Amino acid sequence: MTASPIDDPAEARTVEGVLYDAANFQYDDLIGDDRFDPPEAHPLSIRAEVAGGSLFAAFALGVLTTVVVLALRDRLDG
């Protein structure tokens, strides 16, 4: 990759320099650790036991929250 004629490495980056680098960026110029190939997506699978347990836990947490809120409301009113 060629150096931007606008940016001086000793100074802070300028908007013009960043835009110049973005316009002239070539992915093929990257080598070694600089190059990143994104991983392939795989389908997500969840066992039925895990899904059922999650649903049961969410329901139980909702019931517990409702009981606590009603108990606190009755206690504050009385």
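What you are looking at is a predicted structure, and each value in this text was computed from that prediction instead of being measured.

Caption draft 1: A look at the overall build of the protein chain. When helices and strands are tallied, the protein chain shows 2 helices and 0 strands. Taken over 78 residues, the protein chain has a buried fraction of 5%.

Caption draft 2: Broad picture of the pattern of salt bridges. Taken as a whole, this structure holds 1 salt bridge when the rule is applied. The partner of Arg47 in a salt bridge is Glu49, and the shortest N-O contact between them spans 3.4 Å. Both residues of the pair, Arg47 and Glu49, belong to the exposed class.

Caption draft 3: Quick look at a nonpolar patch on the surface. On the surface, Leu61, Leu64, Val68 and Leu72 cluster together to form a nonpolar patch covering roughly 370 Å² of accessible area. Counting through the fold element by element, Val68 comes out in helix 2 (residues 48–77). Residue class for Val68 comes out partly exposed when judged on its relative accessible area of 41%.

What counts, and at which threshold
- Residues numbered from 1 in each chain as written.
- Predicted model: local features only at pLDDT ≥ 70, side-chain atom pairs only at ≥ 80, totals over all residues.
- Heavy atoms only, no water.
- Helix = DSSP H or I, 4+ residues; strand = E, 2+ residues; numbered from the N terminus.
- Buried < 20%, exposed > 50% of the residue type's maximum accessible area, 1.4 Å probe, protein only.
- Salt bridge = Lys/Arg side-chain N within 4 Å of Asp/Glu carboxyl O.
- Patch = residues over 30% accessible without salt bridge, like charges linked within 9 Å, V, L, I, M, F, W, Y side chains within 5 Å.
- Areas by Shrake-Rupley, 256 points an atom, 1.4 Å probe, with all protein chains shown as cover.

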